[in-house]
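Given next are the chains, with one letter for each unit.
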Amino acid sequence: MLKDCPPPLPGIDPDDRENNTSGNAGLNEVMGARLHRRHILKGGLGALTAAAFGTVSLAACGGGDDDPAAPAPAPAPAAKVLGFPAVAKDLADQLVVPAGYAATVIYATGDSIDPVVGDYRNDGSDDTFSRRSGDHHDGMHWFGLAADGVSRDPAATDRALLCMNHENIAGTVQYMHPAGQTNIASGARPEAEAIKEIEAHGVSVIELGRTAGKLGVKKPSAFNRRITASTPMDLSGPLRGHALAKTRYSPAGVATRGTINNCASGYTPWGTYLTCEENWAGYFRRAAGDDALRTAKEVTAFRRVGLTQGASGNNRWTSVVPADPASTEFARWDASRSGASADGSDDFRNVANTFGWAVEIDPFDPLSAPRKRTALGRFAHEGAWPSLPVAGKPLAFYMGDDSRGEYVYKFVTAAAWNAADANGGLAAGNKYLDAGTLYAAKFNADGTGSWVKLDLTNAAVAGYAGYAFADLADVVANARIAADAAGATKMDRPEWTAVNPANGEVYITMTENPDRGNVGSSSNNNPNPPLDAANPRYWLDKKTQNSGAVVNQKGNINGHIVRLRETGDDAAATTFAWDIFLFGAQAVADAGLDDVNYQKNVNLSGLTASNDLSKPDGCWFSRATGILWIETDDNTFTDVTNCMLLAALPGTMGDGAAVTIDNLAGGSPDATVATTVSVTTKMGKKLADTQFRRFLTAPKGAEVTGLAESPDGKALFINIQHPGENTGNATLAAGTAFPAGPFESNWPGNGRGIAAAYGPGGAAARPRSATVMITKNDGGVIGL
């Protein structure tokens with residue numbers, strides 16, 4: 001997901017930073033035959049195609065014990081078509097759903113979850129966000145609540161606990177204060193403002209129930225809860241008690257405070273919620289000159305996560321002078337070495353090591369402390385989605401690291417699944433999530449892949465020259481470096497993961513990478529990654545800015561979705577087969593581009609005006625219908641449309657064919673050679689418009705994210721995140737005073753596209769992130 005406040009280099013979104021300096025081989029080198037320019041490959045592409053995919057089936061790709069056979073595709077499900085008319089692309093400040101559907105806002109930024117806390121005034125004067133909805137609604141999950149109002153019932157449709165992430169405040173924090181942030185550039189930040197901002201991050205747990213037959217937030221409820229960036233947390237797994245986790249708050253290294261930048265999510269078969277910390281590194285300050293006070297290993301570790309010396313920290317919380325001199329609420333955001341101790345127990349030099357994890361929350365136990373499950377690795381976590389549970393077999397959790405050139409991970413539990421643990425809560429989490437094996441994905445150019453182990457039994461990790469790992473805690477805390485050492489494949493911003501409930505296949509969104517295939521280096525001066533089979537596209541795109549200026553966009557600017565299937569359909573397998581399920585693209589080329597070549601080399605999935613998209617971010621399967629829902633978080637196609645939600649009826653891994661992409665001029669690693677770079681990959685079967693179409697478009701400035709559903713498929717929940725986020729960049733820059741507006745968006749207060757205007761302000765309202773419930777007017781199942 002986009003977002004965070006100022007990174008070390010001005011104007012660079014943290015997702016857009018390339019912190020991976022490893023020299024890991026691309027797929028071309030893995031295959032043993034580097035893909036050269038057309039004048040080298042022209043005579044051999046046919047042979048390369050046959051060697052890679054050719055006339056053998058995927059089931060016959062294996063060669064020996066070290067190259068196991070990839071699984072054959074599962075039988076195709078019965079043919080289905082989507083049952084709604086495609087929504088057109090839209091640029092208006094409104095929510096649009098198909099005819100026959102209704103959209104209702106049920107929970108927006110600042111909403112009270114406690115009768116003691118007043119309704120949100122939305123004028124910047126509200127406080128007590130510890131009992132209000134946070135901002136930037138993101139990943140979420142429905143947990144059915146039994147009729148007794150106490151226990152879990154996965155089939156329940158009338159009552160539920162909805163768990164939801166609040167990722168960020170960037171771009172919208174100005175609306176939380178009467179006149180924007182005070183002293184954001186220099187001077188001491190006001191304590192009350194900083195507390196509000198800290199509390200607006202984290203997670204909500206809210207109870208849903210029916211009133212007059214309609215689902216809505218129940219207040220009061222003993223389950224309603226906010227977990228914020230100040231909530232006490234336990235550390236669990238390999239890092240617990242380790243030297244890397246010792247801080248002034250927890251000298252024993254067993255606890256920390258808060259969870260932050262919670263992006264995508266997951267759940268467990270035992271009924272708990274997983275919230276995942278993404279761009280956490282940007283929140284911390286590090287003093288100029290701090291490198292000189294640290295070991296070489298520490299400096300390497302800091303640089304690999306993008307926390308460089310001289311960083312001021314998003315929102316400058318460390319500048320607050322607290323009313324209570326003993327408080328460390330704000331000092332804890334300073335990761336500089338300032339104390340005299342050898343172990344860091346008298347300062348917060350190690351505090352950043354306590355962020356970047358998957359965090360387990362038991363929504364049914366509001367008094368329980370969340371647990372950071374460190375065995376799952378530390379990086380820019382998107383989500384942590386489980387494999388299909390099979391009795392007597394280990395579970396796997398699939399995870400993306402959302403930054404350019406980063407990796408796909410999975411964690412395989414040491415314990416085999418036992419259905420008796422289905423309501424085991426955090427105790428079951430101790431059993432399954434504290435011991436197991438962390439892997440990173442290596443995608444081979446022939447459509448197979450392997451999971452490389454990230455622990456000291458892997459000689460490549462144990463003997464890595466770039467960083468001397470001390471133990472397993474060191475490995476998981478520096479999972480990116482371990483994946484560098486193990487030779488994992490650099491991917492184009494791997495984000496959400498989803499598991500098909502029909503066959504266990506795993507879908508992973510690759511949101512974009514403008515650095516891919518470009519000449520030279522990225523914004524962090526790291527070498528741009530070359531094209532390869534899993535990240536095979538480069539092209540030039542023209543975008544018209546709001547000012548009317550036309551700018552060039554290049555690289556993999558619209559993203560794609562990778563699909564993989566584990567060997568033997570075993571979640572614990574160390575090999576897999578893969579293809580590219582979908583390539584993001586516009587339906588037709590921009591003016592000035594060759595439309596024939598665009599259709600051949602960019603719009604490979606044959607997208608039309610009914611389903612073209614850019615930057616797939618979220619992906620999620622409905623268990624009720626089998627629909628794969630795809631959400632976008634885009635800033636490249638926004639001269640044509642706002643972000644969107646699409647529905648797909650996917651086939652199976654391997655249902656397509658090999659395709660050779662002749663990438664357009666400019667992608668060559670050698671800028672003096674005005675030719676194309678050809679890459680052969682495996683692509684999924686093209687979907688007809690009846691199988692893939694647009695379902696929703698968002699208000700201005702918003703991304704579409706978060707997905708949950710009632711078990712009967714009759715209520716779909718999505719989140720509209722940060723509408724109006726560009727106001728500070730555009731409207732205010734033009735000299736318009738704040739807070740009078742106009743704002744980029746006034747949704748949901750303006751009521752456009754929803755059942756009723758939501759909250760105060762009307763047509764001039766400050767915009768708010770919000771959870772939307774979508775229902776069918778005839779009471780039927782969503783999408784079909």
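Source: prediction; values computed, not measured.

Criteria and thresholds
Residues numbered from 1 in each chain as written. Predicted model: local features only at pLDDT ≥ 70, side-chain atom pairs only at ≥ 80, totals over all residues. Heavy atoms only, no water. Helix = DSSP H or I, 4+ residues; strand = E, 2+ residues; numbered from the N terminus. Contact = heavy atoms within 4.5 Å. Areas by Shrake-Rupley, 256 points an atom, 1.4 Å probe, with all protein chains shown as cover. Salt bridge = Lys/Arg side-chain N within 4 Å of Asp/Glu carboxyl O. Core = buried A, V, L, I, M, F, W, Y, C linked by side-chain atoms within 4.5 Å. Buried < 20%, exposed > 50% of the residue type's maximum accessible area, 1.4 Å probe, protein only. pLDDT = per-residue confidence, 0-100. Pairing = 2+ DSSP bridges. Axes fitted to C-alpha atoms, helices over the stretch in contact; angles between N-to-C directions. Parallel < 35°, antiparallel > 145°, perpendicular 65-115°, else oblique. Nonpolar A, V, L, I, M, F, W, Y, C, P; charged D, E, K, R; others polar. Arc of directions from axis to C-beta. Polar contact = N/O pair within 3.5 Å; in protein donor to acceptor, adjacent residues only side chain to side chain. Phe/Tyr/Trp six-rings, centres within 6.5 Å; stacked < 30°, edge-to-face > 60°. Lys NZ or Arg CZ within 6 Å of the ring centre and 35° of its normal.

So, the overall build of the protein
Now for step 1: For the protein, the count of helices and strands is 10 helices and 34 strands.
Now for step 2: In the protein, of all internal contacts separated by at least 6 residues, the share reaching a separation of at least 24 is 68%.
Now for step 3: For the protein, the accessible area works out to roughly 25400 Å², and carbon and sulfur atoms hold 54% of it.

A short note on the environment of Ala194
Now for step 1: Along the chain, Ala194 falls in helix α4 (residues 191-199).
Now for step 2: In sequence terms Ala194 and Phe330 are 136 residues apart; their C-alpha atoms lie 8.5 Å from each other.
Now for step 3: In this structure, Ala194 is in contact with Trp317, Val320 and Phe330, ignoring residues within four places of it in sequence.

Side note on the pattern of salt bridges
Now for step 1: Under the definition given, this model contains 42 salt bridges.
Now for step 2: For Arg563, the salt bridge goes to Asp655, with nearest N and O atoms at 3.1 Å. Remark: Asp655 occurs in the loop between β28 (644-648) and β29 (657-663) and Arg563 occurs in strand β24 (residues 560-566); sequence separation between them is 92 residues.
Now for step 3: What you see here is one network of salt bridges that share partners, running through Arg286, Asp290, Asp291, Arg294, Glu298 and Arg303.

Describing the nonpolar core
Now for step 1: Grouped together as the largest cluster of nonpolar side chains are 72 residues, with contacts concentrated most on Trp629, Ile718 and Ile774.
Now for step 2: In contact with Ile774, other than residues within four places in its own chain, are Val97, Tyr101, Ala102, Ala103, Phe695, Leu696, Lys714, Ala715, Leu716, Ile718 and Ile782.

Some details on the confidence of the model for the protein
Note: predicted coordinates in regions of low pLDDT should not be interpreted at a detailed level.
Now for step 1: In this model, the protein carries an average pLDDT of 89, and 86% of its residues clear a pLDDT of 70 or more.
Now for step 2: Here residues 1-11 is a poorly scored stretch, pLDDT under 50, and it has 56 contacts once near neighbours within four places are set aside; other chains count.
Now for step 3: Predicted confidence is poor over residues 27-79, with pLDDT under 50, and the contacts of this stretch with residues over four places away or in other chains come to 87 contacts.

A word on α4
Now for step 1: Residues of α4 that are buried include every one of Glu193, Ala194, Lys196, Glu197, Ile198 and Glu199, and no others.
Now for step 2: Those residues of α4 that are buried lie in contact with β6 (225-227).

Quick notes on the pairing of strand β20 (residues 494-499)
Now for step 1: Of all 6 residues in β20, 6 are buried; the element is thus mostly enclosed.
Now for step 2: Of the strand pairs in this sheet, β20 and strand β21 (residues 506-510) are connected by 4 bridges, and their pairing is antiparallel. Counted as the bridge partner of Val499 is Val506 from β21.
Now for step 3: As consecutive antiparallel partners, β20 and β21 are separated by 6 residues, and within that stretch Gly504 has a phi angle of approximately 80 degrees, a positive value.

Focus on the packing of helix α5 (residues 296-305) against helix α9 (residues 479-486)
Packed helices, taken two at a time, are described by the angle their axes make and the gap between the axes.
Now for step 1: Relative to each other, α5 and α9 sit at 90 degrees, their axes nearing to 9 Å. Taken together, the axes of α5 and α9 lie roughly perpendicular to each other. Residues Thr300, Ala301, Arg304 and Val305 of α5 form the contact with α9, whose own contacting residues are Arg480, Ile481 and Asp484.
Now for step 2: Looking at the contact of α5 with α9 residue by residue, the classes come out as 3 nonpolar, 1 polar and 3 charged.

Section: the sheet that holds β28
Now for step 1: The 4 strands are arranged β26-β27-β28-β31 in an open sheet whose pairing can be described as antiparallel. In the strand order of this sheet, the two ends are held by β26 (616-621) and β31 (692-697), each with one partner. Taken over all neighbouring pairs, the strand axes of this sheet differ in orientation by 25 degrees on average, direction set aside.
Now for step 2: In this structure, β26 lies alongside strand β27 (residues 628-632), joined through 5 bridges in antiparallel fashion. Pairing of Trp620 across the sheet is with Trp629, part of β27.

Re helix α6 (residues 425-433)
Now for step 1: All buried positions along α6 are accounted for by Gly425, Leu426, Ala428, Gly429, Tyr432 and Leu433. Around the axis of α6, the buried residues are gathered within 150 degrees of arc, so they sit on the same side.

Comments concerning the side chain of Arg132
Now for step 1: Positionally, Arg132 belongs in the loop between β1 (101-108) and β2 (137-144).
Now for step 2: Within the structure, the side chain of Arg132 is placed 2.8 Å from the backbone oxygen of Asp127, a separation counted as a polar contact.
Now for step 3: Beyond its immediate stretch of four places on either side in the chain, Arg132 contacts Tyr107, Gly110, Asp111, Ser112, Ile113, Val117, Gly118, Asp119, Tyr120, Asp126, Asp127 and Arg226.

Observations regarding the pairing of strand β25 (residues 575-583)
Now for step 1: Within β25, 9 of the 9 residues are buried, leaving the element largely enclosed by the surrounding structure.
Now for step 2: Direction of pairing for β24 relative to β25: antiparallel, over a ladder of 7 bridges. When the sheet's bridge partners are listed, Leu564 is paired in β25 with Trp578.

Topic: the packing of aromatic side chains
In this description, a pair of aromatic rings is defined by centroid distance and the angle of the planes.
Now for step 1: The full count for this structure, using the stated rule, is 29 aromatic pairs.
Now for step 2: Site record: aromatic cluster; members linked through ring pairs are Tyr283, Phe284, Trp317, Trp333 and Phe355.
Now for step 3: Looking at Arg286, its charged tip hangs above the ring of Phe302, at a distance of 3.9 Å from the centre.
Now for step 4: The residue whose ring lies beneath Lys410 is Tyr439, and the NZ or CZ to ring-centre distance is 5.9 Å.

Focus: the environment of Glu193
Now for step 1: Along the chain, Glu193 falls in helix α4.
Now for step 2: Measuring from C-alpha to C-alpha, the distance between Glu193 and Val173 comes to 10.0 Å, with 20 residues separating the pair along the chain.
Now for step 3: Glu193 has contacts with His177, Gly180, Gln181 and Thr182, leaving out every residue within four places of it along the chain.
Now for step 4: One polar contact links Glu193 to Thr182, side chain to side chain, over a distance of 2.6 Å.

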